[in-house]
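One-letter residues, chain by chain:
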Amino acid sequence: MKLATWNVNSLKVRLPHLLDWLAAEAPDVVCLQETKTTDDVFPVEALAAAGYRAVFSGQKTYNGVAILSRADAVDVVAGIPGFPDEQKRVLAATVAGARIICLYIPNGQSVDSDKYQYKLAWLSALQGWLKAELAAHPRLAVLGDFNIAPEDRDVHDPAAWAGQVLCSEPERQHFRDLIGQGLTDAFRLFEQADKSFSWWDYRQGGFRRNLGLRIDHILLSGGLAGACTACRIDKTPRTWERPSDHAPVVAEIAAPG
DNA sequence: ATGGCCTGCAACGCAGGA
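A quick note: this is a predicted structure, and the numbers were derived from the prediction, not measured.

**Some remarks on the packing of helix H3 (residues 114–136) against helix H5 (residues 169–180)**
Look at H3 against H5: their axes get within 11 Å of each other, and the N-to-C directions meet at 10 degrees. In terms of orientation, H3 lies roughly parallel with respect to H5. Here H3 contributes Tyr 116, Lys 119, Leu 120, Leu 123, Ser 124, Gln 127 and Leu 130 to the contact with H5, which in turn contributes Pro 170, Glu 171, His 174, Asp 177 and Leu 178. Of the residues belonging to the contact of H3 with H5, the class tally is 6 nonpolar, 3 polar and 3 charged.

What follows is the structure in C-alpha cells.
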C-alpha cells in the first residue's frame, strides 16, 4: 500500500499536476492540503476518471483537505471532534483497513501572533483526539502538512530559523509528543540524503538553492511502521512549471499477513 | 532593505502562506 501526502496550494491550479503525478506514482491513498476549494466544485469526475474516489472538506479561499483512494473510504470524520473550528484542516477515513488521518496544521504566522496561540491550542486538541484514535485503530497513519520542522536537520538554516514559527520549541515538543504517543516518523526509518526538505519558498530561487524545510510528514502507528518498506520526498513535481511550493511525501507499506 | 513569490477574491490591493 502506497500512502502519500501533498499540499497542492490550490487544487484548481494544481489539478493537472495532481493527475500527472497520480498516473506516474499510482499511490493507493493521497492526502491533500490547501485545496482552497468548496465541496460543490471539488473535481470528483476528473479524479474518478483517474481511478480515485475522493472525500473532502473544503472552504472558500483558504485551507481545505481531501483524501483520495483507490479503495472505498469509510467512517469519514471531518474536523477534530469536540474542537469547533471554522477552518477545514482535518479529515479522517478508513481505507483498506487502515485509519488515515489527513492534517493541515495551522501555520502560526509568527510566535508573537494570535495565530500561533491558535496553532498551539489546535495541537493540544489534536493530541487528545489522536490518543483515542490510536487506541481504536492499531493500523493508523497521520499524513499532512504539519507546519513543524521537527529538528534542526530539517531546516536549511537552523540558526536563522531558531525559535521562529515552524521551528519553535513548543511546536517541536508537540511533534515529539506525537512520537511519544507511539507514532513513528516514516521518513526517519530510512537513510536519507542530508538537507532533505518538503517545502521551498517561491521567492529567491528557494528550490533551486535548496533553501527549504521538512514540514510535511507521514507518521505511522506501530502496526504500520513495522511494515513500512520505504519513505521518500518526491521533488519531481516541484520542478514542473507553476508548481506547488510543497513536494509530495510517499510511504510504502507491505501488505499485512 | 523585514520584501522578494504565489493564490484567491475582488478590484486594480489585500490577506495568508511558511
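**Here we look at the protein's contact with DNA strand B**
In the region of DNA strand B, 25 residues are neighbours, and Ser 10, Thr 61, Asn 107, Arg 203 and Gln 204 sit closest. Sugar and phosphate atoms represent 74% of those atoms of DNA strand B found within 4 Å of the protein. It is helix H1 (residues 11–25) that contributes the most residues to the surface near DNA strand B, 3 residues altogether.

**Describing the sheet that holds strand S12 (residues 216–220)**
The 6 strands lie next to each other as S5-S6-S7-S8-S12-S9, forming an open sheet whose pairing is mixed. Where the open sheet ends on each side, the last strands, each with one partner, are strand S5 (73–78) and strand S9 (184–185). With 4 bridges joining them, S5 and strand S6 (residues 90–95) adopt antiparallel strand pairing. Looking at S6, one finds that Ala 78 is bridged to Leu 91. Of the strands in this sheet, S6, strand S7 (98–104) and strand S8 (140–145) are in contact with H3, which crosses S7 at around 175 degrees. H5 rests against S9 and S12 of the sheet, and its axis sits at about 25 degrees to S12.

**Some words on the packing of aromatic side chains**
What characterises a pair of aromatic rings is the spacing of the ring centres plus the angle enclosed by the ring planes. For the structure on display, the rule yields 4 aromatic pairs. Between the aromatic rings of Phe 146 and Phe 175, the centroid separation amounts to 6.0 Å while the plane-to-plane angle is 70 degrees, which identifies the pairing as edge-to-face. With Phe 146 in the loop between S8 and helix H4 (158–161) and Phe 175 in helix H5, the pair connects residues that are 29 residues apart, well separated along the chain.

**Side note on the pattern of salt bridges**
Across all of its chains, the model carries 13 salt bridges by this definition. Arg 53 is the salt-bridge partner of Asp 72, the closest N and O atoms lying 3.4 Å from each other. A residue pair is termed long-range when its members are at least 10 positions apart, and Asp 72 in the loop between strand S4 (65–69) and S5 and Arg 53 in strand S3 (residues 53–57) qualify at 19 residues. Residue Asp 72 is classed as partly exposed on the basis of its relative accessible area, which comes to 46%. Beyond isolated ion pairs, a larger network of salt bridges with shared partners links Asp 154, Asp 185, Arg 188 and Arg 214.

**Let's talk about the environment of Gly 223**
Relative to the helices and strands, Gly 223 is located in helix H6 (residues 222–225). According to the relative accessible area criterion, Gly 223 is partly exposed, its value standing at 39%. Along the sequence, Gly 223 and Leu 140 sit 83 residues apart, while their C-alpha atoms lie 7.5 Å from each other.

**Considering the pairing of S6**
Here S6 lies mainly inside the structure; 6 of its 6 residues are buried. On S6, burial covers both faces: Val 90, Ala 92 and Thr 94 on one face and Leu 91, Ala 93 and Val 95 on the other are all buried. Where S6 folds back onto S7 in an antiparallel hairpin, the turn is made up of 2 residues, including Ala 96, whose phi is positive at roughly 50 degrees.

**Quick notes on the UniProt feature "site: Interaction with DNA substrate" (unreviewed entry) in chain A**
Mapped onto the present numbering, the UniProt feature "site: Interaction with DNA substrate" (unreviewed entry) falls on His 246. Take His 246: it is sitting in the loop between strand S13 (228–233) and strand S14 (249–253). Beyond its immediate sequence surroundings of up to four residues, His 246 is in contact with Trp 6, Asn 7, Asp 145, Ser 198, Trp 199, Ile 215, Asp 216 and Arg 238. Of note is the side chain of His 246, whose polar atom sits 3.5 Å from the side chain of Asn 7.

**As for H5**
Think of an α-helix as turning once every 3.6 residues; residues three or four places apart then point the same way. Over its 12 residues, H5 extends 16 Å from the first C-alpha to the last, a length consistent with the 16 Å expected when each residue adds 1.5 Å. Turning to H5, the residues buried within the fold contact H3, S9 and S12. Within two residues after H5, Gly 182 carries a phi angle of roughly 110 degrees, on the positive side.

Scoring rules and cut-offs
Residues numbered from 1 in each chain as written. Chains lettered and ligands numbered in written order. Predicted model: local features only at pLDDT ≥ 70, side-chain atom pairs only at ≥ 80, totals over all residues. Heavy atoms only, no water. Axes fitted to C-alpha atoms, helices over the stretch in contact; angles between N-to-C directions. Helix = DSSP H or I, 4+ residues; strand = E, 2+ residues; numbered from the N terminus. Parallel < 35°, antiparallel > 145°, perpendicular 65-115°, else oblique. Contact = heavy atoms within 4.5 Å. Nonpolar A, V, L, I, M, F, W, Y, C, P; charged D, E, K, R; others polar. Near = heavy atom within 4 Å. Pairing = 2+ DSSP bridges. Phe/Tyr/Trp six-rings, centres within 6.5 Å; stacked < 30°, edge-to-face > 60°. Salt bridge = Lys/Arg side-chain N within 4 Å of Asp/Glu carboxyl O. Buried < 20%, exposed > 50% of the residue type's maximum accessible area, 1.4 Å probe, protein only. UniProt positions renumbered as here; feature names shortened; annotations may be inferred. Polar contact = N/O pair within 3.5 Å; in protein donor to acceptor, adjacent residues only side chain to side chain. Expected span 1.5 Å × (residues − 1).

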